[in-house]
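The lines below spell out each chain.
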Amino acid sequence: MSIFDGLPISREKSYLKEELSKVDESWAAARFDSLPHVVHILTSKDREGEVQILKEQSEVIEEVVDEVVHAYHGGFNKAIQNYSQILRLFSESAESIKTLKVDLSEGKKLLGAHNKQLHQFWYRSVTLRHIIALLEQIEGIAKVPARIEKLIAEKQFYAAVQLHVQSTLMLEREGLQSVGALQDIRSELTKLRGTIFYKVFEELHAHLYNKGEYSSVVVSINENDDAIPTSTAGTFSLNHSHTHSRRTRSMKVDNDLVTNGAADGFRRPGSIDGGSSISGYIEDGMTDFNDDADGHTPTMKANNGDTGSRDVKVRSRQIPIWLSDSTPDEFVEAMRKSDAPVFVKYLRTMVECLCVLGKVAAAGAMICQRLRPTVHEIITTKIKAQAERAAGKKSGLGHTSLSTSSGLRYLKGRVEGHHLPQQKRLNGVSTTGALSATSPVSHMMSPSGAAQFAARELLDSILDTVVQIFENHVIVGELLELKSSQQVNLNTPKALAGEISWNHDSDASHDTGGYSIGFSLTVIQSECQQLICEILRATPEAASADASVQTARLAGKTSPSNEKSDGSDDGLVFTFRFTDATVSISNQGTDLLRQGWKKGASVHQEGYGSGTVLPEQGIYLAASLYRPVHKFTDKVASMLPQKVSQISNDGLLSFVENFVKDHFLPTLFVDYRKSVQQAISSPAAFRPRASAAASYTPSVEKGRPVLQGLLAIDFLAKEVHGWAQAMPKFSGGLISYVKTFLERAYERCRTSYMEAVLEKQSYMLIGRHDIERLLRLEPASACLPNSADYFGETYGYDTESSDIENQLSDILLNLRPIKQENLIHDDNKLILLASLSDSLEYVADSIERLGQLSSTSDDHLEENGMPKSHDGSLRGLASFAEEYRRLAIDCLKVLRIEMMLETISHMQEMANRSYMDDQDAEEPDDFVISLTSQISRRDEEMAPYVADVKRNYIFGGICSIAANLSLKVLAGMKSIDLFGVQQICRNSIALEQALAAIPSIDSEVVQMKLDHVRTYYELLNMPFEALLAFISEHETLFAAAEYGNLLKVQVPGREIPDDAMDRMAEIIPL
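Residues numbered from 1 in each chain as written. Predicted model: local features only at pLDDT ≥ 70, side-chain atom pairs only at ≥ 80, totals over all residues. Heavy atoms only, no water.

Regarding the overall build of the chain
From N to C terminus, the chain includes 36 helices and six strands. Burial analysis of the chain (1070 residues in total) assigns 49% to the buried set. Partitioning the intrachain contacts of the chain with sequence separation of at least 6 by distance along the chain shows that 80% fall at a separation of at least 24. (Helix = DSSP H or I, 4+ residues; strand = E, 2+ residues; numbered from the N terminus. Buried < 20%, exposed > 50% of the residue type's maximum accessible area, 1.4 Å probe, protein only. Contact = heavy atoms within 4.5 Å.)

Here's the deal with helix H4 (residues 115-142)
Here H4 is 28 residues long and its end C-alpha atoms lie 41 Å apart, about the 40 Å a rise of 1.5 Å per residue gives. Contact partners of the buried residues in H4: helix H5 (144-153), helix H6 (157-171) and helix H7 (183-208). (Expected span 1.5 Å × (residues − 1).)

Brief notes about the nonpolar core
Ranked by size, the top nonpolar core spans 244 residues in total, and within it Leu710, Trp723, Met727, Leu742, Tyr884, Ile976 and Tyr1017 carry the most contacts. Residues contacting Tyr884, with those up to four places away along its chain left out, are Leu710, Leu742, Ala745, Tyr746, Leu840, Val843, Ala844 and Ile847. By size, the runner-up hydrophobic cluster in this structure holds five residues, among which are Ile9, Leu20, Val60 and Val64. (Core = buried A, V, L, I, M, F, W, Y, C linked by side-chain atoms within 4.5 Å.)

Details of the packing of helix H21 (residues 622-639) against helix H23 (residues 708-726)
Where H21 meets H23, the axes come as close as 8 Å, and the angle between the chain directions of the two elements is 20°. Classified by the angle their axes make, H21 and H23 are roughly parallel. For the element pair H21 and H23, the recorded crossing hand is left-handed. Seen from H21, the contacting residues are Ala623, Tyr626 and Arg627; seen from H23, they are Trp723, Gln725 and Ala726. Split by residue class, the contact of H21 with H23 holds four nonpolar, one polar and one charged. (Axes fitted to C-alpha atoms, helices over the stretch in contact; angles between N-to-C directions. Parallel < 35°, antiparallel > 145°, perpendicular 65-115°, else oblique. Left-handed = near helix turned anticlockwise from the far one by under 90°. Nonpolar A, V, L, I, M, F, W, Y, C, P; charged D, E, K, R; others polar.)

Things to note about the packing of aromatic side chains
Summed over the entire model, instances satisfying the criterion amount to 19 aromatic pairs. Between the aromatic rings of Tyr746 and Tyr884, the centroid separation amounts to 5.6 Å while the plane-to-plane angle is 55°, which identifies the pairing as tilted. Remark: Tyr884 occurs in helix H29 (residues 871-907) and Tyr746 occurs in helix H24 (residues 731-757); sequence separation between them is 138 residues. Its relative accessible area of 17% is what places Tyr746 among the buried residues. One aromatic cluster is present, built from ring pairs that chain together Tyr1016, Tyr1017, Phe1038 and Tyr1043. Over the face of the ring belonging to Tyr953 we find Arg896, whose NZ or CZ atom lies 4.7 Å from the ring centre. Just above the ring of Tyr915 sits the side chain of Arg913; from NZ or CZ to the centre is 4.4 Å. (Phe/Tyr/Trp six-rings, centres within 6.5 Å; stacked < 30°, edge-to-face > 60°. Lys NZ or Arg CZ within 6 Å of the ring centre and 35° of its normal.)

Remarks on the pattern of salt bridges
Following the criterion strictly, the structure yields 33 salt bridges and no others. Between Asp827 and Arg938 there is a salt bridge, with its nearest N and O atoms 3.1 Å apart. One end of the pair, Asp827, is in helix H28 (residues 827-863); the other, Arg938, is in helix H30 (residues 926-942), with 111 residues separating them in the sequence. Through salt bridges with shared partners, one network takes in Asp827, Glu902, Arg937 and Arg938. (Salt bridge = Lys/Arg side-chain N within 4 Å of Asp/Glu carboxyl O.)

Section: a nonpolar patch on the surface
Taken together, the side chains of Ile61, Val65 and Val69 define a hydrophobic patch exposed on the protein surface, amounting to about 220 Å² of accessible area. With relative accessibility at 43%, the residue Val69 sits in the partly exposed group. (Patch = residues over 30% accessible without salt bridge, like charges linked within 9 Å, V, L, I, M, F, W, Y side chains within 5 Å. Areas by Shrake-Rupley, 256 points an atom, 1.4 Å probe, with all protein chains shown as cover.)

A short note on the environment of Glu923
By secondary structure assignment, the location of Glu923 is in the loop between H29 and H30. The exposure class assigned to Glu923 is exposed, which follows from its relative accessible area of 51%. Between the C-alpha atoms of Glu923 and Arg986, which are 63 residues apart in sequence, the distance is 7.5 Å. With sequence-adjacent residues up to four places away left out, Glu923 is seen in contact with Gln983 and Arg986.

Considerations on the side chain of Ser446
Among the secondary structure elements, Ser446 is positioned in the loop between helix H15 (431-438) and helix H16 (450-486). Among the residues examined, Ser446 registers a relative accessible area of 6% and is labelled buried. Not counting residues up to four positions away in its chain, the partners in contact with Ser446 are Val441, Gln452, Glu719 and Trp723.

Here we look at the side chain of Ser837
Along the chain, Ser837 falls in helix H28. Not counting the four nearest positions on each side in its chain, Ser837 is found in contact with Ala888, Cys891 and Leu892.

Re the confidence of the model for the chain
On average, residues of the chain score 75 in pLDDT, and 72% of them are at 70 or above. For the chain, the element scoring lowest by mean pLDDT is strand S5 (residues 500-502), at 34; H30 scores highest, at 91. Counting contacts from residues 397-430, a segment whose pLDDT is below 50, to residues more than four positions away or on other chains yields 58 contacts. With pLDDT under 50 throughout, residues 488-506 is counted as low confidence; its partners more than four residues away or in other chains account for 47 contacts. (pLDDT = per-residue confidence, 0-100.)

Quick look at a negative patch on the surface
The grouping of Glu56, Glu59, Glu62 and Asp66 at the surface amounts to a negative patch. The topology assignment puts Asp66 in helix H3 (residues 47-113). (Lys, Arg positive; Asp, Glu negative; His and termini not counted. Charge placed at Lys NZ, Arg CZ, Asp CG, Glu CD.)

Here we look at the packing of H23 against H24
Interhelical geometry of H23 versus H24 gives an angle of 170° and a closest axis separation of 8 Å. If you check the angle between H23 and H24, you find them roughly antiparallel. Here Leu710, Ile713, Ala717, Val720, His721, Trp723 and Ala724 of H23 come into contact with H24, specifically with Ser731, Leu734, Ile735, Tyr737, Val738, Phe741, Leu742, Ala745 and Cys749.

Things to note about unusual backbone geometry
Note the cis peptide between Arg816 and Pro817, where omega equals 5°. Tracing the chain through its elements places Pro817 in the loop between helix H27 (799-813) and H28. Backbone geometry places Lys155, a non-glycine residue, at a positive phi of 60°. Owing to a relative accessible area of 37%, Lys155 belongs among the partly exposed residues under this scheme. Phi at Arg537 takes a positive value of approximately 55°, unusual for a residue other than glycine. Tracing the sequence through the fold places Arg537 in the loop between helix H18 (517-536) and helix H19 (545-555). Since its relative accessible area comes to 61%, Arg537 is described here as exposed.

Here's the deal with the environment of Met973
Turning to its location among the elements, Met973 is positioned in the loop between helix H31 (948-969) and helix H32 (978-996). Aside from chain neighbours lying at most four places away, what touches Met973 is Met910, Tyr915, Ile984, Tyr1017 and Val1049.

A few points about the environment of Met639
Structurally, the position occupied by Met639 is in helix H21. Along the backbone, Met639 and Phe470 are 169 residues apart, and their C-alpha atoms lie at a distance of 8.6 Å.

Structure (structure tokens):
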């Protein structure tokens, strides 16, 4: 940028800018050196030309200067004129100052002569102003009672308290104490102090129990209606950081809430009304409560300050409506800046009013007195409301005028209608009634019954309400304790300072009239315990002595030995009842507290009416109450401040746990042990049920004929397991009950099994190690319950499986002759074994599911911090499942061996029969007919009781043993003719047809094995040479000994050479 830019050159002479740009800037340097330019001209070849250039540049610059002068000429003239005017004004001012100095000197001389007279006038004016101010104050104070009453009517309590305190301070000022006309005002203010106190207390009491306009429940409903997102769980704490409760986690309370707002005096009382002002002051005795007595500053903390602010609706920092008429001070400013919920702000305002009035102890005493009857009333009212809602639902019109009994009938019908259809009908009769009859409790009282659901729902609802109430007590209790520790109230007469005397060990509770967080927790838990006792129909002595000692220590009372009710010797006392506070009131305090105590002093503690909403009541409802109480205890623990967190808050939980341990579990064990004994000792318990179905169904609901005794045991085990799931802490003991019941049922099943197989050959054979090994190696054994991976598959027939079957057949055939008395002839016993096997497997599967359910529940409980059952109990259930399956397998093995022995018993008649017939018979042999009819009959009878794959296992060994027996019988025959061969073939065909009729048996395998028999016997019809040719082509089709037997038997019309055996030995080694 050139130094000549910005010069005021007109557009007509814009060429001057171009000329100026040609001028070297060195000519405009601050320290111009002409020597280089002179030397340049002198040394230049064209000196005249250089000089001419300089002249032209000089002319351009002069012309530019003319333009600049022309442009700024007017401004220069105006500036000169302004400077001339300034100079003139300075000259005139100097003259005026000289004249003023002379006048001031003369005035000073005149005032010095009248100094004493002026001082007297000034003092008189000050006195008059003070009198006028006092008159204005008296006029304003005279209007104070009416203004206070108006503020009370408008629920501007803090403004009324401010006005009262300011007026009281004003009346105590010097100069007004002796004014007789103000005595009536003083009297009215004294009465208004009591009025304000009771109004504030009633408002605080209503909001303590969520009945006020700004209560948390009301605010939550309004916020839900306005679609305001609800805040997460939190708690309100004055001087600690702790786990926080449901409704206050989101609030972020600044430290100024207490630090700046806890003063009892007012630094700037301000104005009482709009027309007059009071220049009040703080008395010397009034202290500022910004600091504790030890110099520490109390603070207010809230959890998740930043996180909660993201989850809660941002509130505008405006003065709450109940403080709109209040004089601005530290407390009002703290309320304006606070982000706490509305109900917390309102509770704090009421406590602040009580503190300013000096009524903290009196308010605490009245809260203590009303606590129990109020909680009792709330619980009763909630139960009545629930009963009316149930009655209204039945009518479908929502009317609440119906009786509670009709609501109860509706609840019973609704829940029964929900549970009954879950059990399908069996043989036209619902199994629910039969199974429920085995249970010691009614269907409604069962773990999933209507009564349990109703009790859990009722207690959940009531405990949620109680938790909200206790949260308010935590807030108010902390505030009252803080205020009582800081308060030095000179406005309260000294005679009233000790009018409340509570029998409590804590100094803080003395300052709060006996009220504390621990006291409120004790009383609330006591009322909840009485409700639980009513639900359980338990006597007040249902709590253990340990819980009593714990509660007595909490309440600071006498030793538990003096607290036993009715002098009982069993060590069981009512846990919380004795903790009602004993009040000692002086004569001076009687009038003060009469109004508040009359409301709750003579309340008769009656029942809660829980029977109107519960279908049934009784000890078994303890299961449904455990989890709500456990959840209640966790919530209460999260609310307790850190300084009082050592207080035992599990009194209610201890009561329930002691009740369960000392009363519920023994009763349950005795009742269910009796039911188990009745179920397994009934004559019909192990009698196979008649089934209308022709085939097996795997579902009990659809007709699976599980034995009635085992079905009842399974039902009882599931029910006891349901109790265990409801009470995780005691699940280990309850599962041990299940194992005891299963063990007794197993013993009964073992007895029935032994009654069916005792002294029978099949039972003794499955105990032999060689047979047991072969049965385990058989491919068919894959269908047994311990081979679940192969369950239901179709198995092929290979050489290895044929060898195993042949070994087993050889062992069984060596037992011939089979005697009939060693076999099970009673088909009912066989059906019992089949049904018992299936029923045992059903129970084993059920036991395994219970174990898996327990394991899953334990994982869930561990995530939620609840106690879980012992792993040893689960392992015990698994071992019982194995025992039941092992016995089920033994039943199937006995049936398989029994059918094989039955086949041998019939087929061994072949050895005694002569097959030299004169003519062809049209029917199979009688023993074959008897065997096939028996197979068909037993298959038909067993079909409804065992699965098809199990029927295949039971009847699958018949074909193999019959084929092997048919082949081996030939070795004992001396002769056989053509008709005999045909008869044996006819027998095999009949047996094949009978076995093929069983749907579960593979007909191709049956046909292959029996075709093998027919092929063998048809070889007898071949000439010797043709037989040799067949053997040479099929060396492995039959064994060498079996080929040899073909030559040993005599067949009419067939010639066998003498060297036949030698020639056969050349083909196959004999």
